[in-house]
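Take a look at the letters that make up each chain.
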Amino acid sequence: MKGINRARTGIAGAVATFTVLALAACGGGSDTSGDGGDGESGGGGSDAIRVGFSQLGAESGWRTANTESVKESLSEENGFDLTFVDAQQKQENQIKALRDFIAQDVDVIAFSPVIETGWDEVLQEIKDSGIPVVLVDRTVDTTVEDPYVTWIGADFTQEGTTAGEWVAENAPDAKIFELQGTLGSGAQVDREEGFGEVVGEQIIGKASGNFTRAEGKTAVEAALQAYPDMTMIFTHNDDMGLGAIEAIEAAGKVPGKDIQIVSVDGVRDGLQALVDKKFNYVVECNPVFGDQLAELIKKVYDGEDVPKETIVIDEAFDQTITQETVDARAY
């Protein structure tokens, strides 16, 4: 067995020595188990690193791409025995999965938390078990000391800031409705903060679409009635923005013209909407970082020092994007 297996008792002390990356850039998969409570195991050999991974759900194209990347990288061929659980966007499902991972005595636990709070008890249980934790995509707000070894994902605040800067330069008089993600999630909290710090005075209303296309459409249908003078929507992900397009068109307006749309994600459908001039600006949040996650987990398992944070780099796109660029996307 490798170094981390019996070095777990010293993990809290070791965490203090980990360096923090100061990079600035970006960081929401599908599951084939079809059950929030049951996981699927890769069935790796005895030398494989046993990883328990709880994905928060399959709410968007971004999440689907992220899950596919994670599963591809944490494969048996790459030296992993993966148990994967889709929490179906329910925190109680994730907590059950994490406790199951403890009972299975996996080597490393990784998860993308549905929301930031409510993890104290289970994180303390994991810490007491000596199993190291890797946070993926989203973060936690907890009173547990040193609850995780490392985190990999997006700079959500910077994503909001980048979107706000485009608005400030290109639509300084826009009246903005903010279509938010799952309330309390790291992505929602931080994107709201970053965007609001730049153009907060232009925001006339907010509502959650829970990161889904259907709920995004419903939220915008209501917003069109409540805020008839709005001229722009800032959406926390592409799927909600695509739902917004449906609502805008049903109301007899032209998305991208009568009501501009600024989005975060950069999935293929979102960038296609940009090519079609229905979106105006998209800040990428790259979901394909399974290979980076796999390398981090290997280092954690081997007892090596790892950075406390790894920021996934992303880009931003406007309506000059070409169809060739969209067609070449991996997600």
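Every value quoted in this text rests on a predicted model; they were computed, and no experiment measured them.

Draft legend 1. Representation of helix α5 (residues 120-129) in the model. Restricting attention to buried positions, one finds in α5 the residues Val 122, Leu 123 and Ile 126. Considered in projection along α5, the buried side chains sweep an arc of 100 degrees and stay on one side of the axis. Across α5 from its buried face, at more than 90 degrees, point the exposed residues Glu 121 and Asp 128. Looking at the residues trailing α5, positive phi occurs at Gly 130, about 85 degrees.

Draft legend 2. Structural context of the layout of surface pockets. When its volume is computed, the largest pocket comes out at roughly 190 Å³. Gly 61, Ala 65, Glu 68, Ala 330 and Tyr 331 are the residues nearest the centre of the largest pocket, which is lined by 15 residues in total. The biggest single contributor to the lining of the largest pocket is helix α3 (residues 61-73), with 6 residues. Per-class residue counts for the lining of the largest pocket are 6 nonpolar, 3 polar and 6 charged.

Draft legend 3. How the structure looks around the packing of helix α4 (residues 91-104) against α5. Closest axis-to-axis distance for the α4/α5 pair is 10 Å, and the angle between their directions is 10 degrees. Taken together, the axes of α4 and α5 lie roughly parallel to each other. Residues Ile 95, Leu 98, Arg 99 and Ile 102 of α4 lie in contact with α5, whose contacting residues are Glu 121, Val 122, Glu 125, Ile 126 and Ser 129. Classifying every residue of the contact of α4 with α5 by side-chain character gives 5 nonpolar, 1 polar and 3 charged.

Draft legend 4. Local environment of the side chain of Glu 284. Relative to the helices and strands, Glu 284 resides in strand β11 (residues 281-284). Among the polar contacts listed, one links the side chain of Glu 284 to the backbone nitrogen of Glu 315, at a separation of 2.7 Å. Within the structure, Glu 284 has its side chain in polar contact with the side chain of Tyr 331 (distance 2.6 Å).

Draft legend 5. Region of interest: the packing of aromatic side chains. What the rule picks out here adds up to 5 aromatic pairs. Judged by centre distance (3.9 Å) and plane angle (15 degrees), the ring pair of Phe 195 and Phe 234 falls under stacked. Here Phe 195, found in helix α7 (residues 186-199), pairs with Phe 234, found in strand β9 (residues 232-235); they are 39 residues apart in sequence, far enough to count as distant. Considered together, Phe 195 and Phe 234 belong to a single accessibility category, that of buried residues. The ring of Phe 84 has Lys 71 sitting right over it, with the charged end atom 4.4 Å from the ring centre. Between Lys 308 and the ring centre of Tyr 148, over which it is positioned, the NZ or CZ distance is 4.4 Å.

Draft legend 6. Inspection of the packing of helix α8 (residues 213-226) against helix α9 (residues 238-250) at higher detail. Here α8 crosses α9 at 45 degrees, and the two axes come no closer than 7 Å. Judged by the angle between their axes, α8 and α9 are oblique. Here α8 runs over α9; the crossing is right-handed. Of α9, the residues touching α8 (which contributes Arg 213, Gly 216, Lys 217, Val 220, Glu 221 and Leu 224) are Asp 239, Met 240, Leu 242, Gly 243, Ala 244, Glu 246, Ala 247 and Ile 248. For the contact of α8 with α9, the class distribution of residues is 7 nonpolar, 2 polar and 5 charged.

Draft legend 7. Representation of the pattern of salt bridges within the structure. In this structure the tally under the stated criterion is 16 salt bridges. Note that Arg 63 is salt-bridged to Asp 137, the shortest N-O span being 2.9 Å. On the criterion of sequence distance, the pair formed by Arg 63 in helix α3 and Asp 137 in strand β5 (residues 133-137) is long-range, its members being 74 residues apart. A salt bridge links Glu 284 to Arg 329; its shortest N-O distance comes to 3.0 Å. Here Arg 329 lies in the segment after α12 (323-327) and Glu 284 lies in strand β11, a separation of 45 residues in the sequence. With a relative accessible area of 5%, Glu 284 lands in the buried category. Through salt bridges with shared partners, a single network forms among Glu 59, Arg 63, Asp 137 and Arg 138.

Rules and cut-offs
Residues numbered from 1 in each chain as written. Predicted model: local features only at pLDDT ≥ 70, side-chain atom pairs only at ≥ 80, totals over all residues. Heavy atoms only, no water. Buried < 20%, exposed > 50% of the residue type's maximum accessible area, 1.4 Å probe, protein only. Helix = DSSP H or I, 4+ residues; strand = E, 2+ residues; numbered from the N terminus. Arc of directions from axis to C-beta. 1 Å grid on protein atoms, 1.4 Å probe; cavity = no way out; pocket = protein on both sides within 12 Å on 5 of 7 lines; lining within 4 Å. Points joined across faces, edges and corners; volume = space filled by probe spheres on them. Nonpolar A, V, L, I, M, F, W, Y, C, P; charged D, E, K, R; others polar. Axes fitted to C-alpha atoms, helices over the stretch in contact; angles between N-to-C directions. Parallel < 35°, antiparallel > 145°, perpendicular 65-115°, else oblique. Contact = heavy atoms within 4.5 Å. Polar contact = N/O pair within 3.5 Å; in protein donor to acceptor, adjacent residues only side chain to side chain. Phe/Tyr/Trp six-rings, centres within 6.5 Å; stacked < 30°, edge-to-face > 60°. Lys NZ or Arg CZ within 6 Å of the ring centre and 35° of its normal. Left-handed = near helix turned anticlockwise from the far one by under 90°. Salt bridge = Lys/Arg side-chain N within 4 Å of Asp/Glu carboxyl O.

So far we have only geometry, and geometry alone does not tell us how the molecule works.
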